[in-house]
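A look at the structure
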Amino acid sequence: MFEKLSEKFTSKENKAYAQKFLEMDGDTYFFNRYLEKKINPYLRGKMLECCSATSTNYLQYPPNTISVDINHQMLKHIVNENIPVAADIQSLPFAGNTFDSVLIAHGIHHVGEDKVHYIDYIKPVIAEAHRILKNGGNLIVVEGRVSHFVHLLIYAAHFIIKSISRDAYHKYDFPLLYSKRVMDKFFPPNIFSLVHEEKIRLPLSLYFRCEPMFCFKFPLPLILLPQRPVIYVLRKR
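Residues numbered from 1 in each chain as written. Predicted model: local features only at pLDDT ≥ 70, side-chain atom pairs only at ≥ 80, totals over all residues. Heavy atoms only, no water.

Taken in spatial order, the seven strands of this open sheet run β3-β2-β1-β4-β5-β7-β6, and their pairing is mixed. Of all strands in the sheet, those bounded by a partner on one side alone are β3 (83–86) and β6 (192–199). For this sheet, the mean inter-axis angle between neighbouring strands, taken without regard to orientation, is 20°. Where strand β4 (residues 99–105) meets strand β5 (residues 133–145), six bridges bridge the pair, whose relative direction is parallel. Bridge pairing in β5 places L103 opposite I140. (Pairing = 2+ DSSP bridges. Helix = DSSP H or I, 4+ residues; strand = E, 2+ residues; numbered from the N terminus. Axes fitted to C-alpha atoms, helices over the stretch in contact; angles between N-to-C directions.)

What follows is the structure, given as structure tokens:
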């Protein structure tokens, strides 16, 4: 599965895509500093960053942080001293009860080749995070959240594109954004307890430019996909 998924990240286009994450402008820096202050109180001990890209989601990582991404082009351009590991976060190459903190920032919307059946892909990710966390460890998820109506519109677009052309659908990493109603189901209360949930305010200018997550073939400014990033902090039961 990992080899199949990673094939899409070998082209020149995706090398350019990786480069976009290195272009840290003032707005992104401001947002990451704001994010860092919000989640710092919940990060402790040995840390794993999932869907790390080039590890620009966070500014001051704890020493010996491991950064995991399925895109090996991203890992080649890590901007800090994190330890890069190429892996599928649905099946992580780590023993159970290894980490004190797991961070998934801006990654849930990319999980799964077939997002029409997104729950089949996201369940293993959350289960893996629970497995590798120590008892009482924290899972921190940062994800853009939309209204349930917008979620259904984007889901319908996935369904239509896949119905018209499976090749086109599987070639590009079309993101799927989720609503609160959907995301609350990702974290079963029998394995995680919700410690903190908070909406993040983005700098207004960020809404009027294309973020790297939307820059494969169809660049869209964030204003066309109204979302509010949300922090979830969950503790392993």
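Turning to the pairing of β4, a few remarks are in order. Along β4, seven of the seven residues are buried, which leaves the element largely enclosed by surrounding structure. When strand β1 (residues 47–50) meets β4, the two strands line up parallel, connected through four bridges. Directly across from L48, in β4, lies its bridge partner V102. For the crossover from β4 across helix α5 (residues 119–132) to β5, the handedness is right-handed. (Buried < 20%, exposed > 50% of the residue type's maximum accessible area, 1.4 Å probe, protein only. Right-handed = clockwise from strand over helix to strand, strands pointing away.)

This next bit is on the nonpolar core. The biggest cluster of nonpolar side chains holds 39 residues, and the ones touching the most others in it are L48, V68, F94, V102, L139, Y178 and F186. Counting only elements with at least two residues in this core, the list comes to β1, β2 (66–69), β4, α5, β5, α6 (148–164), α8 (180–183) and β7 (228–236). Examining the composition of this core, we find that six residues originate from one element, α5, more than from any other. Not counting residues up to four positions away in its chain, the partners in contact with L139 are V102, I104, I126, A129, L133, F187, F192, Y232, V233 and L234. Of all hydrophobic cores here, the second largest spans 14 residues; its members include L43, M47, Y61 and I231. (Core = buried A, V, L, I, M, F, W, Y, C linked by side-chain atoms within 4.5 Å. Contact = heavy atoms within 4.5 Å.)

Tracing the backbone through its elements, the reader meets S67 in strand β2. Of note is the side chain of S67, whose polar atom sits 3.0 Å from the side chain of E49. Setting aside chain neighbours within four positions, we find S67 in contact with E49, S52, S55, L75, I78, N82, I83, P84 and V85. (Polar contact = N/O pair within 3.5 Å; in protein donor to acceptor, adjacent residues only side chain to side chain.)

Time to look at α5. For α5, which comprises 14 residues, the first-to-last C-alpha distance of 20 Å matches the rise-based estimate of 20 Å (1.5 Å per residue) to within 8%. Within α5 the residues assigned to the buried category are Y121, I122, V125, I126, E128, A129, H130 and I132. Summarising the contacts, the buried residues of α5 are in contact with β1, β4, β5, β6 and β7. (Expected span 1.5 Å × (residues − 1).)

Look at α6: 24 Å from first C-alpha to last across 17 residues, which is about the 24 Å you get at 1.5 Å a residue. Among the residues of α6, V150, H151, I154, H158 and K162 are the ones counted as buried. Taken end-on, α6 shows its buried residues confined to a sector of 110°, consistent with a single buried face. α6 presents F149, S163 and I164 as exposed residues on the side facing more than 90 degrees away from its buried surface. (Arc of directions from axis to C-beta.)

Further remarks concern the packing of aromatic side chains. The final tally for this structure, using the stated rule, is seven aromatic pairs. Aromatic pair Y118 and F186: ring centres 6.3 Å apart, planes at 70°, arrangement edge-to-face. Note that Y118 is positioned in the loop between β4 and α5 and F186 in the loop between α8 and β6, a separation of 68 residues in sequence. Like F186, Y118 is buried. (Phe/Tyr/Trp six-rings, centres within 6.5 Å; stacked < 30°, edge-to-face > 60°.)

Tallying each qualifying case throughout the model produces seven salt bridges. For the salt bridge of K180 with D184, the shortest nitrogen-to-oxygen distance reads 3.2 Å. Using a relative accessible area of 36% as the deciding quantity, one classes D184 as partly exposed. Connected via shared salt-bridge partners are R145, K180, D184 and E197. (Salt bridge = Lys/Arg side-chain N within 4 Å of Asp/Glu carboxyl O.)

On to the confidence of the model for the protein chain. Residues with a pLDDT of 70 or more make up 76% of the protein chain, whose mean pLDDT is 79. Per-element confidence in the protein chain ranges from a low mean pLDDT of 39 for helix α1 (residues 2–6) to a high of 95 for α5. A low-confidence stretch, residues 212–219 stays under pLDDT 50, and its non-local contacts, those more than four residues away or across chains, total 25 contacts. (pLDDT = per-residue confidence, 0-100.)

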